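Reading the structure
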Amino acid sequence: IIVVFIGIHVCSVDNIDEFNIMVSAVPSRHRLHGHLLRCVVSLAAIAFTVDAVQYDTIDKYDCFRSLEGMTKSMFDLAESYPDLSSVVDIGDSYLKSKNDNNDDYPLPQNGYDIYAMVITASDSPHPSSAKGKTLIISGVHPREHAPPELTMRFAESLLTGYEVDADITWILQHTEVHIIFNVNPDSRYITETYPKTFWRKNQNPDRNCDADEIGVDLNRNYDFMWGELKGANTSGDECDNTYHGRNPFSEPETNTVADYAKQLFPAEQRRDDPEGSMDVAFGDDVMGIFVDVHAPGGYIIYPWTHDDSKTEDDDALQATARKMNYYNGYKLWAGGQPDFQYATTGDSYAYMYAALGVAAFGLELGEDFYEDCGRFENEIVPGNLPALTYLVKNAKKPFSLAKGPDIISLIVSDDVIQDGIQYGIKVTVVASDSRLVNSISRYPDFPETGGQGVAEVRVYLDVHPDDYEEGDALAWEMQLIDNDSEEPKFELEVISAGGFSAGRHTLYVQAKDGAGYFGPTTGAFFDVEMRPTKSPSLSPTTDSPSHKTTSMPSMSPTTAKPSALPTGTPSTTRPSKSPSRSPVTASPSNPPTGNPTLNPSVSPTTNPTGPPSSSPTSGPSRNPSESPTDQPSISPSESPSTSNPTSQPSSKPSSNPSANPSTNPSSNPSIGPSTNPSIYQSYQPSDAPTEAPVAVSTSGSTASQILDPDFGLSELTTDTTKVPAKLSNNASVTAYLSVTTVSLSATALLLMYLH
């Protein structure tokens, strides 16, 4: 009773994520619409934060899990998400391979196992052999605190985002993400326990060096240009920090990584003589992404690294790096770029590209080896999670998809009205071939991949473009409605409400440029719920602005008429529209930040948002007839986005989020005519709204929903490119909340008051 009382009268969530809650008092005269829900969530989150058992962290750096904390987190995630993740023992550290220890800096055991975490949807219809592959490694240089924690945050964002975020869902159905959090666990323990050592290398006591100088630099030990010392930041001195080892792959850690990569990436794209084939391009059809995460510096690294020159696949590699820069703002450290720092040989990025034929990149995070937690939480995490997500989207054909256009925004709205009846949905898309690739400061534009314009945009219903076969699903080419020079806008009105089965549906959108390259896919969820409706007429409402997006320029005009790709034809008679509201963009949810905690998350197959809320009552009043019928109505996705790494919140988030989730979600709905005699959803007006629709997080890729009380489908506004900032009040905490947290302790209430 006390909790509810406080929630009703004094509580407003200003900023909330899994680990940070901001609560302020508000006047009791505030409307309760959406207010109580926010307060209960905030108080429950406080209770969870107080009661949670923390993972072990590095001394004085409580944002970074220690080696022990990382290992426990990894196994806890695998246990919590058994259908999405598993842990594989892929090899041994140097000390474990020798059953040895360091007498000067003793470890609690004789070395460690090296683990990989595999993240993919086991319920996907695609076998492993048909999925794209991404391999991400970190902890190569153990004195770099931030990389393992960032890769763990990325893993958490994927797992908590499945069936919540449309992009993450299709990514895990089509892709395997493999993460090695700590490649060099022996030395990670030493640098955490003895921080003054600033340990970089592994624990191989190869020669007679001082106690804190032993080891091999693992990022100089790969078999590409190994041992080439001319002009390179590589050393043959065994006591030097960049010592390359006695031979290529002399160390068990680098052997483990390379052998594991060979299991993932296709054998047919490898090269037996990579150093002799440097002038031959791999082409557009290779598969696979590799990322090696380091610190510090603020750089994106890609080949060539041994020399200040470009590869034959530079168009694709540079386009990818430029688009990563759009999210994290990092400079490009690569041959032929103004920020090429120095040459290295025997490094992982060049080996993975030259020998295994994958799109290979390095990240240098932040500003310090022992990174400041504030900078990590506020800059590194929100900037790099969307960059990593962009990479993973392209894993199946990285050299081709990087050259294509990107979906800038995706809006799904329900304001298609004819004779007072909801007719269907309207999809509006802004695409660009240039925004992401040409946004990097101090660099010239890149017309090689950013100057072809957008030739067409395609929409697919409930089938990913990679799975589309002619005749098996609905797909359309969108109509160009705004042919600005760089970012054209496309629109399409499709499908009556009666044509949808009840449950969750997914729209996939993909753009193609003038050179024929398709870009990465963007998805958005929407739900059709079966609910009783009464056979009424829709009373008129007052006019308000139509749904709009900003007019964007276009590089290349496209046809003005939509053409059916193979099946399903869009409406040829444009119905009249009822008044609609301007979209409001809400802040997306950030992935986990703050102090790491044990993860009591729900099973990945369980919708984490809890029971659906009741239908909005602030819309026009209804005049029901006597005979209710069950009709499908289109409603917002029921799960808020948890780790939408590709959207930027509005500067002033709504103070009253609310949701109207589907009551009968279906992850794989059938498509076909409704068996109900009345195929359209009818709506009856109730009281005219007194407030603008409230924005909440949604399950589209970085989407925001507008809860429009007039209709069953909320508008889904997806900006797929912006960098997220701190969470707004609508951020999701459900993935980390237990139902037991509704019992609040006195300590939690005190914290709320003090906060």
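Coordinates for the structure precede this section.
Since the model is a prediction, treat every value here as computed from it, not as a measurement.

1. Section: the overall build of the protein chain
- The helix and strand inventory of the protein chain stands at 14 helices and 24 strands.
- The long-range share in the protein chain, meaning contacts at least 24 apart out of those at least 6 apart in sequence, stands at 81%.
- Accessible area for the protein chain stands at about 27,200 Å²; split by element, carbon and sulfur atoms hold 49% of it.

2. Digging into the side chain of Thr254
- With respect to the secondary-structure elements, Thr254 resides in helix H8 (residues 252-264).
- Among the polar contacts made by the side chain of Thr254, one reaches the main-chain carbonyl oxygen of Glu251 at a distance of 3.1 Å.

3. Some details on the side chain of Asp113
- Relative to the assigned elements, Asp113 resides in strand E6 (residues 113-119).
- A polar contact is formed between the side chain of Asp113 and the side chain of Lys96, at a distance of 2.5 Å.
- Side-chain polar atoms of Asp113 contact the side chain of Tyr115, separated by 3.2 Å.
- Once residues within four sequence positions are removed from consideration, Asp113 is found in contact with Asp89, Gly91, Asp92, Lys96 and Pro185.

4. Let's talk about the packing of aromatic side chains
- Summed over all chains, the structure comprises 21 aromatic pairs.
- Ring geometry for Tyr327 versus Tyr390: centroids 6.4 Å apart, planes at 40 degrees, classification tilted. Placement of the pair is Tyr327 in helix H9 (residues 314-328) and Tyr390 in helix H11 (residues 373-393), with a sequence separation of 63 residues. Taken as a pair, Tyr327 and Tyr390 share a single burial class, namely buried.
- Site record: aromatic cluster; members linked through ring pairs are Tyr61, Phe64, Phe198, Phe369, Tyr370 and Phe376.
- Above the face of the Phe369 ring, Arg143 is positioned so that its terminal group lies 4.1 Å from the ring centre.
- The ring centre of Phe525 lies 4.0 Å from the NZ or CZ of Arg504, which sits over that ring.

5. Comments concerning helix H6 (residues 166-174)
- Extensive coverage of H6 is indicated by the burial of 8 of its 9 residues.
- Ala166, Asp167, Ile168, Thr169, Trp170, Ile171, Leu172 and His174 are the residues of H6 that are buried.
- Taking the backbone nitrogen of Asp167 as reference, a side-chain oxygen 3.0 Å away marks Asp165 as the first, capping residue of H6.

6. Brief notes about the nonpolar core
- Within the largest apolar cluster, 113 residues are counted, with the highest numbers of intra-cluster contacts made by Leu172, Ile180 and Met352.
- The greatest single-element share of this core, amounting to 10 residues, is contributed by H11.
- For Leu172, the contacting residues outside a window of four places in its chain are Leu84, Ile119, Thr120, Ala121, Lys131, Leu158, Tyr162 and Val177.
- By size, the runner-up hydrophobic cluster in this structure holds 23 residues, among which are Ile407, Val412, Leu461 and Phe526.

7. A look at the packing of H6 against H11
- Between H6 and H11, the least distance of the axes is 10 Å, while the angle of their chain directions is 45 degrees. It follows that H6 is oblique to H11 by the angle criterion. The chirality of how H6 crosses H11 is left-handed. Seen from H6, the contacting residues are Asp167, Trp170 and Ile171; seen from H11, they are Thr389, Val392 and Lys393.
- Counted by class, the contact of H6 with H11 contains 3 nonpolar, 1 polar and 2 charged residues.

8. Here's the deal with the state of the cysteines
- Enumeration over the complete set of coordinates arrives at 2 disulfides.
- Note on cysteine connectivity: Cys63 is disulfide-linked to Cys373, with sulfurs 2.1 Å apart. Here the disulfide of Cys63 and Cys373 is left-handed, its torsion about the S-S bond being about -85 degrees. Within this pair, whereas Cys63 is found in strand E4 (residues 61-65), its partner Cys373 is found in helix H11, the two being separated by 310 residues in sequence. An identical accessibility class is assigned to Cys63 and Cys373; each is buried.
- With a sulfur-sulfur separation of 2.0 Å, Cys209 is cross-linked through a disulfide to Cys239. An S-S torsion of about -95 degrees defines the bridge between Cys209 and Cys239 as left-handed. Taken together, the positions of Cys209 in the loop between helix H7 (185-193) and H8 and Cys239 in the loop between H7 and H8 put the pair 30 residues apart, joining distant regions of the chain.
- Across the protein chain, the way the bonded cysteines pair up, counted in sequence order, is 1-4, 2-3.

9. Some points on the packing of helix H5 (residues 146-161) against H6
- The geometry of H5 relative to H6 is characterised by a closest axis approach of 8 Å and an angle of 100 degrees between their N-to-C directions. Regarding the angle of H5 to H6, the classification is roughly perpendicular. Contacts between H5 and H6 involve Ser157, Leu158 and Gly161 on the former and, on the latter, Ile168, Thr169 and Leu172.
- Looking at the contact of H5 with H6 residue by residue, the class counts come to 3 nonpolar, 3 polar and no charged.

10. Focus: the environment of Arg207
- Note that Arg207 resides in the loop between H7 and H8.
- Residue class for Arg207 comes out partly exposed when judged on its relative accessible area of 37%.
- In this structure the C-alpha to C-alpha distance between Arg207 and Cys239, which are 32 residues apart in sequence, comes to 7.7 Å.

11. As for a negative patch on the surface
- The grouping of Asp100, Asp103, Asp104, Asp210 and Asp212 at the surface amounts to a negative patch.
- Assignment of secondary structure puts Asp212 in the loop between H7 and H8.
- Look at Asp212 and you get partly exposed, because its relative accessible area is 43%.

12. A closer look at the pairing of strand E12 (residues 359-364)
- The element E12 is largely enclosed, with a buried count of 6 among its 6 residues.
- The alternating pattern of E12 places Ala359, Phe361 and Leu363 and Ala360, Gly362 and Glu364 on opposite faces, both of which are buried.
- Pairing between strand E9 (residues 289-294) and E12: 6 bridges, direction parallel. When the bridges of E12 are listed, Val293 appears paired with Leu363.
- Judged from the 3 bridges that link them, strand E10 (residues 299-301) and E12 form a sheet pairing that is antiparallel. Paired with Ile301 across the strands is Gly362, a residue of E12.

13. Topic: the pattern of salt bridges
- One pass over the full model with this rule turns up 21 salt bridges.
- With a shortest N-O distance of 2.9 Å, Asp284 and Lys403 are connected by a salt bridge. Taken together, the residues span a long stretch of sequence, with Asp284 in the loop between H8 and E9 and Lys403 in the loop between helix H12 (398-401) and strand E13 (406-418) at a distance of 119 residues.
- Residue classification places Asp284 among the partly exposed positions, given a relative accessible area of 25%.
- By relative accessible area, Lys403 is classed as buried at 14%.
- Glu456 serves as the salt-bridge partner of Lys512, at 3.6 Å between the closest nitrogen and oxygen. With Lys512 in strand E19 (residues 503-513) and Glu456 in strand E15 (residues 454-461), this pair connects stretches of sequence that are 56 residues apart. For the pair Lys512 and Glu456, a shared accessibility class is recorded, and that class is buried.
- Overlapping salt bridges bring together Arg65, Glu149, Arg153, Glu156 and Glu377 as one network.

14. Here's the deal with H5
- For H5, which comprises 16 residues, the first-to-last C-alpha distance of 22 Å matches the rise-based estimate of 22 Å (1.5 Å per residue) to within 8%.
- In terms of residue burial, H5 counts as a mostly covered element, since 16 of its 16 residues are buried.
- Phi turns positive, to about 65 degrees, at Glu163, one or two residues after H5.

15. Quick notes on the sheet that holds E6
- Ordered in space as E5-E6-E8-E7-E9-E12-E10-E11, the 8 strands form an open sheet in which the pairing is mixed. The strands lining the two open edges of the sheet, one partner per strand, are strand E5 (85-92) and strand E11 (331-333). On average, each strand axis in the sheet is inclined to that of its neighbour by 20 degrees, with strand direction left out of account.
- In this structure, E6 lies alongside strand E8 (residues 175-180), joined through 3 bridges in antiparallel fashion. Bridge pairing in E8 links Ile119 to Val177.

Rules behind the numbers
Residues numbered from 1 in each chain as written. Predicted model: local features only at pLDDT ≥ 70, side-chain atom pairs only at ≥ 80, totals over all residues. Heavy atoms only, no water. Helix = DSSP H or I, 4+ residues; strand = E, 2+ residues; numbered from the N terminus. Contact = heavy atoms within 4.5 Å. Areas by Shrake-Rupley, 256 points an atom, 1.4 Å probe, with all protein chains shown as cover. Polar contact = N/O pair within 3.5 Å; in protein donor to acceptor, adjacent residues only side chain to side chain. Phe/Tyr/Trp six-rings, centres within 6.5 Å; stacked < 30°, edge-to-face > 60°. Buried < 20%, exposed > 50% of the residue type's maximum accessible area, 1.4 Å probe, protein only. Lys NZ or Arg CZ within 6 Å of the ring centre and 35° of its normal. Core = buried A, V, L, I, M, F, W, Y, C linked by side-chain atoms within 4.5 Å. Axes fitted to C-alpha atoms, helices over the stretch in contact; angles between N-to-C directions. Parallel < 35°, antiparallel > 145°, perpendicular 65-115°, else oblique. Left-handed = near helix turned anticlockwise from the far one by under 90°. Nonpolar A, V, L, I, M, F, W, Y, C, P; charged D, E, K, R; others polar. Disulfide = S-S within 2.5 Å. Patch = residues over 30% accessible without salt bridge, like charges linked within 9 Å, V, L, I, M, F, W, Y side chains within 5 Å. Salt bridge = Lys/Arg side-chain N within 4 Å of Asp/Glu carboxyl O. Lys, Arg positive; Asp, Glu negative; His and termini not counted. Charge placed at Lys NZ, Arg CZ, Asp CG, Glu CD. Pairing = 2+ DSSP bridges. Expected span 1.5 Å × (residues − 1).

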